[in-house]
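Notes for the structure review
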Amino acid sequence: MTDSPSTAAVPGPGFRPRTALAMSREAAAAVLDAGTLDALAAICDLAPPPVLDDLTTPRARAVLADVDLLVTGWGCPPLDRDVLGAAPRLRAIVHTAGSVRGHITEACWERGIEVSSAASANAVPVAEYTLAMILLTGKDVLERARDYRADRSRDDWLRTPRTVGNHRRTVGILSASRTGRRVIELLRPHDIDVLLYDPYVTGPDATELDVEQVELDELFARADTVSVHTPLLPATRRLVGRRQIEALRPGAVLINTSRGAVVDQDALTEAALAGRLRAVLDVTDPEVLPPGHPLWDCDNVLITPHLAGSQGNEWRRLADLALAETARWASGAGFLHPVRRERLAFQA
């Protein structure tokens, strides 16, 4: 018989939580290299491979019966009441990716399970991608490179319109999420004026962020570039609607690295095809767009395959954060990046 959570050993010096990996095998191979697994095994009593990608099998139930902590990732099945019933000792979950909505259920919160996420680590490359696109589109790099390739002759740079460039460009940030805040930080060394729309940011917080807080419609009317960083929630679906898109000045840029459904894609498509705006879309609705969708062939729209988030060597950040969180929890220090139940309504 396994210990109940109330009688199991308490995290603290010398505590080695019984730990299992719950995610797809592809996610585990991508994010958790051999060095990370060795480091994790030095902290925990780690269940041997393979990872748990199906929590209903006899082997999974045998592993869950003794587990104190789960390290989860992309592809983790929902941790519902049935799963929790098979894991009486489970007290903590460390997620190696961003959003926990796909696998953390109400049953987890009711049980009092502590949850940590690597969302702050995943925000870093998204913000870097966004900064790069803000600066590149400010210089009209994509369009000018296309024209240069076609003409193969130098343009008359002394006739460059004064709308081109990043000096005193106005960038509107939609939502002071983790990524939105990181973008604001990365913009500080540049001569760029930053506007922010986020109804949950107070005046003092906006002052600390060193941004001008404005209403949604004003953000779109004043910005040269708008970057969308709001999570997709019932209240934010098509938050960027036709009125906001039509308020953008001619030639303005809309960057979306959040979720495609935050933007009214029909209105965006009409404006882009009419040449009224430029767009950088790392996400679309749906994802992927149908092969015949007109945005594929729109010269003033750049579509990338949801690559802004952690990929390649950037997965190491996720693994390092998860490893650090596991060590903190095992030592009794608690999570540095906890996910709070009361904040889920405002998070992805």
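Placed above this text is the structure.
Residues numbered from 1 in each chain as written. Predicted model: local features only at pLDDT ≥ 70, side-chain atom pairs only at ≥ 80, totals over all residues. Heavy atoms only, no water.

For strand β1 (residues 18-22), a buried count of four out of five residues is recorded, marking the element as mostly surrounded by other parts of the structure. Here β1 pairs with strand β2 (residues 45-46) via two bridges, running parallel. The residue bridging Thr19 from the neighbouring strand is Leu46, located in β2. (Buried < 20%, exposed > 50% of the residue type's maximum accessible area, 1.4 Å probe, protein only. Helix = DSSP H or I, 4+ residues; strand = E, 2+ residues; numbered from the N terminus. Pairing = 2+ DSSP bridges.)

On to the side chain of Thr130, then. The residue Thr130 is located in helix α6 (residues 119-138) in this model. A relative accessible area of 0% means that Thr130 is categorised as buried. Setting aside residues no more than four positions away along its own chain, Thr130 makes contact with Val183, Ser227, His229, Ile255 and Thr257. (Contact = heavy atoms within 4.5 Å.)

Okay, the packing of α6 against helix α13 (residues 315-331) next. Viewed as axis vectors pointing N to C, α6 and α13 meet at an angle of 160 degrees, and their least axial separation amounts to 8 Å. Here α6 lies roughly antiparallel to α13, going by the angle between them. Like other packed secondary-structure pairs, α6 and α13 cross with a definite hand, here right-handed. On α13, the residues touching Ser120, Ala121, Asn122, Val124, Pro125 and Glu128 of α6 are Arg317, Leu318 and Leu321. (Axes fitted to C-alpha atoms, helices over the stretch in contact; angles between N-to-C directions. Parallel < 35°, antiparallel > 145°, perpendicular 65-115°, else oblique. Left-handed = near helix turned anticlockwise from the far one by under 90°.)

Another point: the side chain of Thr284. Along the chain, the position of Thr284 falls in the loop between β11 (277-281) and β12 (301-303). Beyond its immediate sequence surroundings of up to four residues, Thr284 is in contact with Gly260, Gln265, Leu289 and Ile303.

As a further point, take the pairing of strand β7 (residues 192-197). Counting buried positions along β7 gives five out of six residues, so the element sits mostly inside the fold. Pairing of strand β6 (residues 169-174) with β7, which is carried by six bridges, proceeds in the parallel orientation. Along β7, the bridge assignment pairs Arg169 with Ile192. Remark: the β6/helix α8 (residues 178-187)/β7 crossover connection has right-handed handedness. Pairing of β7 with strand β8 (residues 212-213), which is carried by two bridges, proceeds in the parallel orientation. Considered in β8, the bridge of Leu195 is made with Glu212. For the crossover that starts at β7, traverses helix α9 (residues 203-209) and ends in the parallel β8, the hand is right-handed. (Right-handed = clockwise from strand over helix to strand, strands pointing away.)

Turning to α13, a few remarks are in order. In this model α13 runs 25 Å from its N-terminal to its C-terminal C-alpha over 17 residues, within 8% of the 24 Å that 1.5 Å per residue would give. Of the positions making up α13, those classed as buried are Leu318, Ala319, Leu321, Ala322, Leu323, Glu325, Thr326, Trp329 and Ala330. Where α13 is buried, its residues meet α1 (25-31), α2 (34-43), β3 (69-72), β4 (92-95), β5 (114-117) and α6. Phi for Gly332, located one or two positions after α13, is positive at around 95 degrees. (Expected span 1.5 Å × (residues − 1).)

A word on the sheet that holds β2. Sheet architecture is open: five strands sit in the order β2-β1-β3-β4-β5, paired in parallel fashion. Only two strands of the sheet have a single neighbouring strand rather than two, namely β2 and β5. Sitting on the sheet, α13 is in contact with β3, β4 and β5, with an inclination near 160 degrees to β4.

Strand order in the open sheet formed by seven strands is β8-β7-β6-β9-β10-β11-β12, with parallel pairing between adjacent strands. Of all strands in the sheet, those bounded by a partner on one side alone are β8 and β12. Bridge count for strand β10 (residues 252-256) against β11 is five bridges, and the pairing is parallel. Residue pairing in the sheet places Asn256 in a bridge with Leu281 of β11.

Here we come to the pattern of salt bridges. The final tally for this structure, using the stated rule, is 25 salt bridges. Residues Asp224 and Arg249 are paired through a salt bridge, measuring 3.0 Å at the closest nitrogen-oxygen approach. Note that Asp224 is positioned in the loop between α10 (216-222) and β9 (225-228) and Arg249 in the loop between α11 (242-247) and β10, a separation of 25 residues in sequence. For Asp224, a relative accessible area of 16% puts it in the buried group. The exposure class of Arg249 is partly exposed, given its relative accessible area of 35%. Beyond isolated ion pairs, a larger network of salt bridges with shared partners links Asp33, Arg316 and Asp320. (Salt bridge = Lys/Arg side-chain N within 4 Å of Asp/Glu carboxyl O.)

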